[in-house]
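Working through the structure, step by step
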Amino acid sequence: MVPVVKTMRVVPVAGYDSMLLNLAGAHEPFFTRNVVVMTDSNGNEGVGEVPGGEVITQRLESCIPLVEGRPIAEYKQIVQDCTRMLQGQVAGVAGAGAGGAETAHAQIFKKVTNVVTGVETPLLDLLGQHLNVPVAALLGEGQVRTEVRFLAYLFYVGDRTLTDMPYIHDDDNSDEWGRIRREPAMDTDAVVRQAKAAAARFGFKDFKLKGGVFAPEKEIETVKALKKEFPDARITIDPNAAWSLDESVRLCRGLEGTLTYVEDPCGAEGRFSARETMAEFHRQTGLPTATNMCDTDWREMKAAIRLDSVTIPLADPHFWTMQGCVRVAQLCHDIDLTWGVHSNNHFDISLAMVAQAAAAAPGNLNACDTHYMWQDGQHLGKTAPQFHDGCLTVDPNVPGLGIQLDHDKLEAAHQLYVENNCGTRDDARGMQYYIPNWQYDPHRPAMVR
Ligand SMILES: O=C([O-])C(=O)C[C@H](O)[C@@H](O)C(=O)[O-]
Ligand SMILES: [Mg+2]
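Thresholds, definitions, all that
- Residues numbered from 1 in each chain as written.
- Chains lettered and ligands numbered in written order.
- Predicted model: local features only at pLDDT ≥ 70, side-chain atom pairs only at ≥ 80, totals over all residues.
- Heavy atoms only, no water.
- Donors = N, O, S within 2.8 Å, 3.2 Å for Na, K, Ca; no water.
- Helix = DSSP H or I, 4+ residues; strand = E, 2+ residues; numbered from the N terminus.
- Buried < 20%, exposed > 50% of the residue type's maximum accessible area, 1.4 Å probe, protein only.
- Domains from an automatic or database assignment.
- Contact = heavy atoms within 4.5 Å.
- Buried area = accessible area lost by both parts, 1.4 Å probe.
- Polar contact = N/O pair within 3.5 Å; in protein donor to acceptor, adjacent residues only side chain to side chain.
- Phe/Tyr/Trp six-rings, centres within 6.5 Å; stacked < 30°, edge-to-face > 60°.
- Near = heavy atom within 4 Å.
- Areas by Shrake-Rupley, 256 points an atom, 1.4 Å probe, with all protein chains shown as cover.
- Nonpolar A, V, L, I, M, F, W, Y, C, P; charged D, E, K, R; others polar.
- Pairing = 2+ DSSP bridges.
- Axes fitted to C-alpha atoms, helices over the stretch in contact; angles between N-to-C directions.
- Disulfide = S-S within 2.5 Å.
- Salt bridge = Lys/Arg side-chain N within 4 Å of Asp/Glu carboxyl O.

Protein ligation of the magnesium ion (ligand 2) involves Asp238 (OD), Glu263 (OE) and Asn292 (OD1), the donor distances falling in the range 1.9 to 2.2 Å. When the donors of the magnesium ion (ligand 2) are listed by position in the chain, the intervening gaps give D-x24-E-x28-N. Here Glu263 lies in strand S10 (residues 261-263) and Asp238 lies in strand S9 (residues 234-238), a separation of 25 residues in the sequence. For the pair Asp238 and Glu263, one class covers both residues: buried.

Structure, rendered in structure tokens:
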């Protein structure tokens, strides 16, 4: 008998973070996610994790009547029904159409896919458990790899002691990484120390530096120091389009061999779209380009391909869906692009989702982004993810997503969310301790005011 979904529950949760700096400011002490838990009539439990925020919580809850009571074999139909219902909801929200119909289309896609992924993933988990195959076997052409490579996502880190915000500290004394990850890292030496400590714990061979914090020359100096320390590493930098096209070309030209690819160096400028400036950057420097900013849905993808702007679309399952991000991987494989994954702060459920998607992604992949090293130890599953040589193993003999939820941990993460009144992310708050009245400027690095 094909089991039916008995219950679907949405649990907003929070976890601890360091004071990570980026163009938008400083990460707050807590990051938030929405965990979706489904049970079926066979007694199995399926899980999924998507970005936090009350809007996503409510939209996920609005899907419950379309999910409960239906056979898991109908999962594609369920996902389709939820998508249609959500598109109607989002289109009805005042302001969704601001900027014209085209903008509305892109906005609807992004707002809906986060929620759809939250419905799709627990269903895939339940189906995988029922059929006794991993989720990867149900995606694209099926599982194509068992080892999935991740990168060390390095950040400059602010000094939490300058704030009165409740940042976690002294939470892990087990090794160098545990000791330094909550401490300030405001220069090249500190970031290189971070990279060495993270590589020692997780075995990472690939590094990404979050830029858009200091003057670009200083950030390029950090990249060069990382390459000196790790000559065989694949290294990238991501200033979230804070640099101008001219600046990006000047900074990165001649850095083949140091920078393996560059992520969102520049964005829209005057009459030129981000996809156009990225194409110019790619042509003028010869460097591969990655993005999670200007190639994030199928319409943007079409334009990016025509312009040859993006060689590495970072297809995060959280905003492409599980099936959708593997479809991007298949396309990349067929047209000589290489697939990668974007990330935000997340728990182990999202990590497993990315690993399963990557296990079904054909061809040469870039190491997947993950913020998990900043959260290591805060897993919601009964066992902690085990990295080896920077990789996670997707065992073909472990059915579903491979996460056995620890309900006590889930409840504690929910309490953290409730007790700290966690709402929408606001990276400006922490920055204002550094620079009074600090405000976000998409064209100026956070510490440059
Ligand atoms: O690749 C990216 O742009 C990201 O990882 C986005 C995130 O929001 C990152 O900037 C962060 O966590 O500060
Ligand atoms: Mg990025």
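The structure having been displayed, the exposition proceeds.
This next bit is on the domain arrangement of the chain. Examined at the domain level, the chain breaks down into domain 1 (5-138 + 407-420) and domain 2 (147-393). Relative placement of domain 1 and domain 2: their C-alpha centres are 23 Å apart. Residue-level contacts link 44 residues of domain 1 with 51 residues of domain 2. Area buried by domain 1 at its contact with domain 2 is led by Met19, Leu21 and Glu49, which between them contribute 17% of it. Across the domain 1-domain 2 interface, the total number found is 25 residue pairs in polar contact (both at pLDDT 80 or more).

Further remarks concern unusual backbone geometry. Positive phi, close to 50°, is recorded for Asp170, a residue that is not glycine. Residue position: Asp170 is located in the loop between strand S7 (152-154) and helix H4 (176-180). With a relative accessible area of 67%, Asp170 lands in the exposed category. Positive phi, normally seen in glycine, also occurs at Asp389, with a value near 50°. For Asp389, a relative accessible area of 52% puts it in the exposed group.

A few words on the environment of Val119. Note on placement: Val119 falls in helix H3 (residues 101-131). Residue Val119 is classed as buried on the basis of its relative accessible area, which comes to 0%. Along the primary structure Val119 and Tyr434 are separated by 315 residues, whereas in three dimensions their C-alpha atoms are 40 Å apart.

All told, the structure shown has 12 aromatic pairs when counted by the stated rule. Ring geometry for Phe150 against Phe387: centres 5.7 Å apart, planes inclined by 85°, an arrangement best described as edge-to-face. Residue Phe150 is located in the loop between strand S6 (147-149) and S7, and its partner Phe387 is located in the loop between helix H12 (348-359) and strand S13 (391-393); the two are separated by 237 residues in the primary sequence. Residue Phe150 shares its accessibility class with Phe387, and that shared class is buried.

What follows concerns the site of ligand 1. If you check the shell around ligand 1, you find 15 residues, and the closest are His27, Tyr153, Asn240, Glu263 and His371. Measuring from an oxygen atom of ligand 1, one finds a side-chain N or O atom of Lys210 at 3.0 Å. Relative to its unbound accessible surface of 330 Å², ligand 1 loses 93% to contact with the protein. Here the shell around ligand 1 is composed, by residue class, of two nonpolar, eight polar and five charged.

The strands making up a sheet associate through hydrogen bonds between their backbones, and the pairing can be parallel or antiparallel. Overall, antiparallel pairing links the three strands, which are arranged S1-S4-S5 in an open sheet. Both outer strands of the open sheet, strand S1 (5-16) and strand S5 (45-51), are each paired with one neighbouring strand and no more. Adjacent strand axes in the sheet meet at a mean angle of 20°, parallel and antiparallel pairs treated alike. Two elements, strand S4 (residues 30-40) and S5, share seven bridges in a ladder whose sense is antiparallel. Across the sheet, Val35 pairs through a bridge with Glu49, a residue of S5. Helix H1 (residues 54-67) rests against S1, S4 and S5 of the sheet, and its axis sits at about 165° to S1. Where H12 meets the sheet, it contacts S4 and S5, and its direction lies at approximately 95° from that of S5.

Below, the discussion takes up the state of the cysteines. Covalently bonding the sulfur atom of one cysteine to the sulfur atom of another cysteine gives a disulfide. In this structure the tally under the stated criterion is zero disulfides. Between Cys266, a cysteine without a disulfide, and Cys294, which holds the nearest cysteine sulfur, the sulfur-to-sulfur distance is 8.5 Å. By relative accessible area, which is 1% here, Cys266 ends up buried. With no disulfide of its own, Cys368 lies closest to Cys325 among cysteine sulfurs, the gap being 9.1 Å. Looking at Cys368, the relative accessible area reads 1%, which means it is buried.

So, about the pattern of salt bridges. Throughout the structure, instances matching the rule amount to 23 salt bridges. Here Arg70 makes a salt bridge to Glu74, at a shortest N to O gap of 3.1 Å. Arg70 sits in the buried class, given a relative accessible area of 18%. Owing to a relative accessible area of 32%, Glu74 belongs among the partly exposed residues under this scheme. Ionic contacts of the salt-bridge type, sharing partners, join the residues Asp171, Asp172, Asp175, Arg181, Arg182, Arg201 and Asp376 into one network.

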